[in-house]
Each structure stands twice: as C-alpha cells, then as structure tokens.
Amino acid sequence: MAEPLHAQVVIVGAGVAGMLAAYKLAQAGIQVLVLEAGPTVDRGEALQRYRTAVAKTPESPYPDTPYAPRPTVLDLEGYYIQEGPTFFKSTYERSVGGTTWHWLGTALRHLPADFEMQSRYGIAVDWPLAYDDLEPWYGEAEHEMGVAGDSKQTLGSPRSRDYPMPALPLTYLDKQVALAADRLGVPVHVTPQARNSFTYQGRPPCCGNASCVPICPIAAKYDATVHVQKALAQGVQILDRAVVTFVEVNSDGWVSGLRFKRPDGDEQRATADVYVLAANAIETPKLLLMSRTDALPNGVANSSDQVGRNLMDHPVQLSWALAKEPLYPYRSPLENAGIEYFRDGDFRRERSAFRMAIGEDGWSFPGTTPISLARELIGHGLRGADLAEQLNAHVARQIRFANLIEQLPQRENRIVPAFDRPDSFGVPRPRIHYQLGEFAERGMAAARQVSEAVFKQMEALDIQHSPEHQGAGHLMGTYRMGRDPNSSVVNYEQRSHDHPNLFLLGSGVFPTVGTANPTLTIAALALWAAETIRRNLEVLERAQGA
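Being a predicted model, the structure only gives us computed values, none of them experimental.

A.B. asks: I'm lost on the overall build of the chain in this one. Help?
C.D. replies: Within the chain, the secondary structure is distributed over 11 helices and 16 strands. Over its C-alpha atoms, taken along the principal directions, the chain stretches across nearly 75 × 50 × 45 Å. Each of the 546 residues in the chain was classed as buried or not, and the buried ones make up 60%. Across the chain, every contact between residues at least 6 apart in sequence was considered, and the portion connecting residues at least 24 apart equals 72%. On the chain, roughly 20,500 Å² of surface is accessible, and the fraction owed to carbon and sulfur atoms is 48%. Side chains of the chain give 52 positive and 62 negative charges; the mean places of these two sets differ by 2 Å.

A.B. asks: Looking at this structure, how should I read the sheet that holds strand β9 (residues 316-322)?
C.D. replies: Sheet strands pair via backbone hydrogen bonds, and the direction of the pair is either parallel or antiparallel. On the basis of which strands lie adjacent, the open sheet formed by six strands has the order β4-β10-β11-β12-β9-β15 and antiparallel pairing. Of all strands in the sheet, those bounded by a partner on one side alone are β4 (189-190) and β15 (461-465).

A.B. asks: Just checking my understanding: could you explain helix α8 (residues 370-379) for this structure?
C.D. replies: Residues spaced three or four apart along an α-helix point in a common direction, a consequence of the helix completing one turn every 3.6 residues. Considered for burial, the residues of α8 that qualify are Leu 373, Ala 374 and Leu 377. Projection of α8 onto a plane perpendicular to its axis shows the buried side chains occupying an angular sector of 105 degrees, all on one side. Set apart from the buried face of α8 by more than 90 degrees, the exposed residues are Arg 375 and Gly 379. The secondary structure elements touched by the buried residues of α8 are α9 (384-395) and β12 (398-405). A positive backbone phi angle near 100 degrees is found at Gly 381, which sits one or two residues after α8.

A.B. asks: Is there a simple way to explain the packing of aromatic side chains in this structure?
C.D. replies: Geometry of an aromatic ring pair is reported as the spacing of the ring centres plus the angle between the planes. Using the criterion set out here, one finds 15 aromatic pairs in the structure. For the pair Trp 137 and Trp 528, a centre-to-centre distance of 6.5 Å together with 10 degrees between the ring planes defines the contact as stacked. Within this pair, whereas Trp 137 is found in helix α4 (residues 131-145), its partner Trp 528 is found in helix α11 (residues 519-545), the two being separated by 391 residues in sequence. The class for Trp 528 is buried, based on a relative accessible area of 15%. Ring plane angle 55 degrees and centroid distance 6.0 Å describe the contact between Tyr 492 and Trp 528, whose orientation is recorded as tilted. Highlighted residues: Tyr 492 in the loop between β15 and β16 (502-504) and Trp 528 in helix α11, separated in sequence by 36 residues. Here a set of aromatic residues connected by ring pairs shows up, and it is made of Tyr 79, Tyr 80, Phe 88, Tyr 92 and Tyr 434. Above the face of the Tyr 50 ring, Lys 56 is positioned so that its terminal group lies 5.1 Å from the ring centre. Lying across the ring of Phe 246, Arg 259 places its NZ or CZ 4.2 Å from the centre.

A.B. asks: I'm lost on the environment of Glu 335 in this one. Help?
C.D. replies: Relative to the helices and strands, Glu 335 is located in strand β10 (residues 335-339). Separated by 229 residues in sequence, Glu 335 and Thr 106 place their C-alpha atoms 8.0 Å apart. One polar contact links Glu 335 to Arg 400, side chain to side chain, over a distance of 2.8 Å.

A.B. asks: Quick question: what am I supposed to make of the pattern of salt bridges here?
C.D. replies: A side chain with one charge can pair with a side chain of the opposite charge if their charged atoms come near. Applying the stated criterion across every chain, the model contains 35 salt bridges. For Arg 70, the salt bridge is made with Asp 64, and the minimal N-O distance between the two is 3.6 Å. Using a relative accessible area of 8% as the deciding quantity, one classes Arg 70 as buried. Here Asp 64 falls in the partly exposed class, since its relative accessible area comes to 48%. Measuring nitrogen to oxygen at the nearest pair gives 3.7 Å for the salt bridge that ties Arg 94 to Glu 283.

A.B. asks: Please explain the sheet that holds strand β14 (residues 428-434) as it appears in this structure.
C.D. replies: Taking strand neighbours across the sheet as the criterion, the three strands line up as β3-β14-β13 in an open arrangement whose pairing is mixed. Two strands lie at the open edges of the sheet, namely β3 (81-85) and β13 (414-422), each paired on one side alone. With strand direction ignored, the average angle separating the axes of adjacent strands in the sheet is 25 degrees. Seen against the sheet, helix α7 (residues 283-290) touches β13 and β14 and runs at an angle of roughly 60 degrees to β13.

A.B. asks: Help me understand the environment of Ile 238 in this model?
C.D. replies: By the secondary structure assignment, Ile 238 is in strand β5 (residues 237-239). In sequence terms Ile 238 and Leu 436 are 198 residues apart; their C-alpha atoms lie 37 Å from each other. Each residue touching Ile 238, except ones within four places of it in the same chain, is listed here: Met 19, Val 34, Val 228 and Leu 232.

A.B. asks: What am I meant to see in the packing of helix α1 (residues 16-27) against helix α6 (residues 225-233) here?
C.D. replies: To characterise two packed helices, one gives the angle between the axes of the helices and the distance between these axes. At their nearest, the axes of α1 and α6 sit 9 Å apart, and the two run at 25 degrees to each other. Classed by the angle they form, the pair α1 and α6 counts as roughly parallel. As α1 runs across α6, the sense of the crossing is left-handed. Together, Met 19, Leu 20 and Tyr 23 of α1 and His 227, Val 228, Lys 230 and Ala 231 of α6 make up the contact between the two elements.

A.B. asks: Just to check I follow, could you spell out the side chain of Gln 268 for this structure?
C.D. replies: You can see Gln 268 is positioned in strand β8 (residues 267-277). Looking at Gln 268, the relative accessible area reads 16%, which means it is buried.

A.B. asks: When you look at the state of the cysteines in this model, what are you seeing that I'm missing?
C.D. replies: As used in these notes, a disulfide is a covalent bond between sulfur atoms, one from each of two cysteines. Overall, the coordinates contain zero disulfides when judged by the stated rule. Of the cysteine sulfurs around Cys 212, a residue in no disulfide, the closest is that of Cys 206, at 6.2 Å. In this model Cys 216 remains outside any disulfide bridge; the closest cysteine sulfur is found in Cys 212, 6.7 Å from its own. Look at Cys 216 and you get buried, because its relative accessible area is 11%.

A.B. asks: I would appreciate a short explanation of the side chain of Arg 355 in the present structure.
C.D. replies: Along the polypeptide, Arg 355 turns up in strand β11 (residues 354-359). Residue classification places Arg 355 among the buried residues on the basis of a relative accessible area of 1%. Within the structure, the side chain of Arg 355 is placed 2.8 Å from the side chain of Glu 340, a separation counted as a polar contact. For Arg 355, the contacting residues outside a window of four places in its chain are Thr 106, Leu 108, Thr 191, Gly 338, Ile 339, Glu 340, Arg 343, Ala 402, Asn 403, Leu 404, Thr 515 and Asn 517.

A.B. asks: Would you take a moment to explain the nonpolar core for this structure?
C.D. replies: Proteins that are soluble and globular tend to have nonpolar side chains buried together. By size, the foremost hydrophobic cluster in this structure holds 86 residues, and its most contacted members are Val 9 and Leu 35. The contacts of Val 9, once residues within four sequence positions are left out, are Leu 25, Ile 30, Gln 31, Val 32, Leu 33, Ala 272, Val 274, Val 276, Ile 533 and Leu 537. Within the second largest apolar cluster, 39 residues are counted, among which are Phe 88, Ile 282, Ile 405 and Val 454.

About the thresholds
Each chain has its residues counted from 1, running along the sequence as written. Reporting in this predicted model follows two pLDDT cut-offs: at least 70 for local features of residues, and 80 or more for side-chain atom pairs to be given and counted; totals over whole chains, interfaces and linings ignore these cut-offs and use all residues. Side-chain calculation: all heavy atoms of the structure are included, whereas hydrogens and water are not. Only DSSP runs of H or I with at least four residues qualify as helices, and only runs of E with at least two residues qualify as strands; both kinds are numbered from the N terminus onward. Burial status follows relative accessibility: with a 1.4 Å probe on protein chains alone, a residue under 20% of its type maximum counts as buried, one over 50% as exposed, and anything between as partly exposed. The contact rule is simple, with two residues in contact once any of their heavy atoms fall within 4.5 Å. Each accessible area value is a Shrake-Rupley result obtained with a 1.4 Å probe; residue values ignore everything except the protein chains displayed when judging cover. Charge convention: Lys and Arg are scored as positive, Asp and Glu as negative, and His as well as the terminal groups of each chain are ignored. A charged residue contributes its charge at one atom only: NZ of Lys, CZ of Arg, CG of Asp or CD of Glu. At least two DSSP bridges between two strands are needed for those strands to be called paired. By construction, the arc corresponds to the directions joining the helix axis to the C-beta atoms. Here the aromatic set is Phe, Tyr and Trp, taking the six-membered ring for Trp, and pairing holds for ring centres within 6.5 Å; pairs whose planes are under 30 degrees apart are stacked, those over 60 apart are edge-to-face, and all others are tilted. Charge-over-ring contacts are defined here by two conditions on Lys NZ or Arg CZ: a distance within 6 Å of the ring centre and an angle within 35 degrees of the ring normal. Whenever two N or O atoms come within 3.5 Å, that pair is a polar contact, provided that in protein one can donate a hydrogen and the other can accept it, and provided that, for residues adjacent in sequence, both atoms are side-chain atoms. Take a side-chain nitrogen of Lys or Arg and a carboxyl oxygen of Asp or Glu: if they are within 4 Å of each other, that pair is a salt bridge. Angles run from 0 to 180 degrees between N-to-C directions of axes, and those axes are lines fitted to C-alpha atoms, restricted for helices to the stretch in contact. When describing relative orientation, an angle under 35 degrees is termed roughly parallel and one over 145 degrees roughly antiparallel, while 65 to 115 degrees is termed roughly perpendicular and anything else oblique. Put simply, a crossing is left-handed when the front helix is turned counterclockwise from the back one by less than a right angle, and right-handed when it is turned clockwise. What counts as a disulfide here is a pair of cysteine sulfur atoms lying within 2.5 Å. What makes a nonpolar core is a set of buried Ala, Val, Leu, Ile, Met, Phe, Trp, Tyr and Cys residues whose side-chain atoms join them at distances within 4.5 Å.

Okay, structure coming up:
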C-alpha cells in the first residue's frame, strides 16, 4: 500500500453537504481532501446521454460504474437488496456533485414544529436543536446555493434575511389551481427554489426547459458542482473514483484513517485530524457498519445500535387529472408552486402532515409521457395532423399533484451491509428493510382527499390516484442526532458521540423529517458543522503550539 494521503480534514462524499463543508473550510485556510466513490460528470455528455435515452429516468444521464454502483428506478433490486415488506423506492447518484445532479431544486425550510414533534404532539422525538438555532444557517445556505423566493412569504418559517433572488413567477397552470384552491380556503404559494430567477454567481436564469429532473441543461438550477468548482479554486483536493471501504479507529476511540479502493483494485489510505462522512443516508451507515472490528463488533459510531436504523423518505402520493381547458404544462421548472397549508396542525398527533407540489410536467411522473401517449394514440390509428392535434389537446390539459408525506422514524426500518451479497467491486450492497407505517398511510389518504377536492373545484375529468407510493429521493434518518448517546449517533454539532474527531453530515442526522424537501436543511447543517470544525482545529493548533 502506498504512503497515505493526508489533510487536516478528509471528507467522504462530494455532494452538497461535503462540498459546502469543504469550500467553507478551505476558505478558512484549512487543508481539505475529498474522497468521492463515483466519477466526475461532464454536463454536455450527460445531456447527450439523456437526450438519446429511451427511458428518461432520473438516472439516465449519468454513468453507472462497476466500482460505484447505484440504485435506479427501473431496477429497485439491482443494487438494493429489498427485504420488504414495502419496496424502498428512492434512488441516488454516486458521482462528483452527488444526487443534486437530478434533484428538483425545491429549497424549503423546516417548520419550527418539525423540530419539536414529541414536545408538541407527543410522537417521535425532538431534535437536539430548535428552529431558531438553525435559522441563521438557513439564510447562509440560501445565499450560497442561490435560492429564488418571495421574502414576504415566510411559509411558516420566520426569516431574518431576504432570499438572494426574487421568486420565479406563477405559471398559468399554477394560477388556475390557485383559483380552485382558493374556493376551498387553501392558498397556493410560489415555491422557494435553488434556481436562478436572474444571473447569479455567473450562472444564467432559468428558461423553463422543464427537465430539472434529471438534468438542468444550462446550470440555472444549483447543484453541488457549483461548490466543487469553488472548492477547487480554494485548493481543495478532490479524488474521484475513490471508494472508501473502512473507517479505522484507534484504541483511544479516535478515527485514525480511511481505507479506500481505486477502480483498478489498488488500495490506499487517507489520514487527517478530523474526518467527515457525507455520503448519504444509505452509503454512510453502510460504511460505518462495514467497519467492524473485535473492539467495535457493531461497527463505527454505533454504541447506541442506531446506525442504519430509522430510515425515512417522503412517500409521494401522486394524483392526476385532465382539466376542462388547456393549462399548458412543460413551460417552467417541473414544480414551481404548491399548497403548504397541510404541513402542520394538531392532526399530526394521528396522521402525517403533507405538502402538495403542483406538477408542471403533465402526466410524466405517473408514467404517461407525451412519447408514451403518442404511442397509444398511434395504436388507435391516429396519424399525421390528427395525431398531433389529439396529442397536443390532451397534453395541454394534463395536471398532477405530488403530495410529499411525512414519515415517522421506525427502528425496524433500516439499512445494513449485505456482506453475503457484495457488488461487482467486492463491497457489500445495502440490505433494506422498509415499510410506510399507518401514520404515513393515513396521511396519504388525507392527501388523496384534498387532491380530489381541488380537482373537482377545477371541474377536472379522469381523476386518478396512484394506489402505491412513489419515492421522493429523500434518504433520511439513519444516523440521527440527539442529546442522549444511548438513542442517537451524533450530537447537535453532527459530531459522533463515540468518536470526537468524526462528523457525520447529510439528512441521515434528521431525527424526524417534516415535509420540507431536505436539501436546504442538509446545506444549513453542513455550513454550521464546517464552522464547528474550523473552531475545533483552531483550538487544536493553539494547543499544539503551546
């Protein structure tokens, strides 16, 4: 094995959490090395791959590699080992930039109540921090990422700082939904989004390509490659195609090194003063649990037996219909506005909250894309001008809602390494046990009722509700934070209870999930953690110099 690489801070994972932390630490003059399992992605090549893909899934623009395989929506058992009773349907990327390559861009804050579920509603657990603690970091994250929003609308989350950009406008489709929802006493609000409403930090404004998932062709939508470039400019070393396979811990309980493999099978090692794992809520716990020894038979950071447990998503209840008149989808981001009215209330004692995102992509999410509809119409004998007329008439009237459902932590919902089922690179695949739970299922039923009511106010036809949940791509909860080391993995600083120089970033630290898409909270927590690490290193340097 070659001489180990060394930096003051080694970060595993070049996604939004890892790269924001790397950039901020490097700004402070700290030497940072980032290890990323997957490859570097070229946007132009990815865009071409997407355009020629037969199935335009979230993963279709991005290469699948034997050394860093990932799950796909078309094969939920190709990488995952699903043990049920319900399929876990969310996927992710392993590449430089991570899953932000194909995230939607929604940048909502958690609500204050989301941090206090036990105190307010007698269910689940409280976070070891309050909304007010995180609020300044939310503002910082919005400016780092570039969020467009209406600063006059708090959406239930008080603000001390304006958004860096004004909101994108409501679409015609949004306005028609708003007219119907208003008759029910339910407002529609434009959604805060990490996409540009004007040129911001050298990136162009959104021009409505309507392909945010799986790729923004012009980089108007934020993704973590923004901070990849900023980090590189600050001297951060990013080593892609470096699959970390083991976390070493010394006899004093401090992390002492990381072992990683290159695509050619070469094994290397990296050392640091501080270690940060920022893969995601499946790959991070898998790595911790893989790193078992005689001294740590349950793996690293796992004296509480909570690593890998409490896996959560935002199960998506899809509902769709055909409007009486054209609404003209496909002219904006895929989701531009929504109904936030049902995100909090005393009903959370009995069932989950949810938020309704108004779809701008017709029936594509439920599976009826314009291409598939064209095939169907051709099958009915339509050709030429008649085909085009019928296709346009139908697509122009399509509308759907994606209701993101709050899920409670359940100890039995977990991910563990499948040592008996390795991938082609010899690394254990994720074995997943997952179910929704009655709390979420009652929330899905409520979401169907509200969707139905809005559609009826619109006098829509052909109203349909998916009988099964869809994945939101929101992996959360598997190394949660808490005050008690016996029931959590990290403290409010995201520092391991067991190992003082180990930090775990990402939505795996979420004790509960609320209804907000997690990326903004991931970013805010990462920025806070970077500041904590910076101060720790300053103290260490002063002690060494004394």
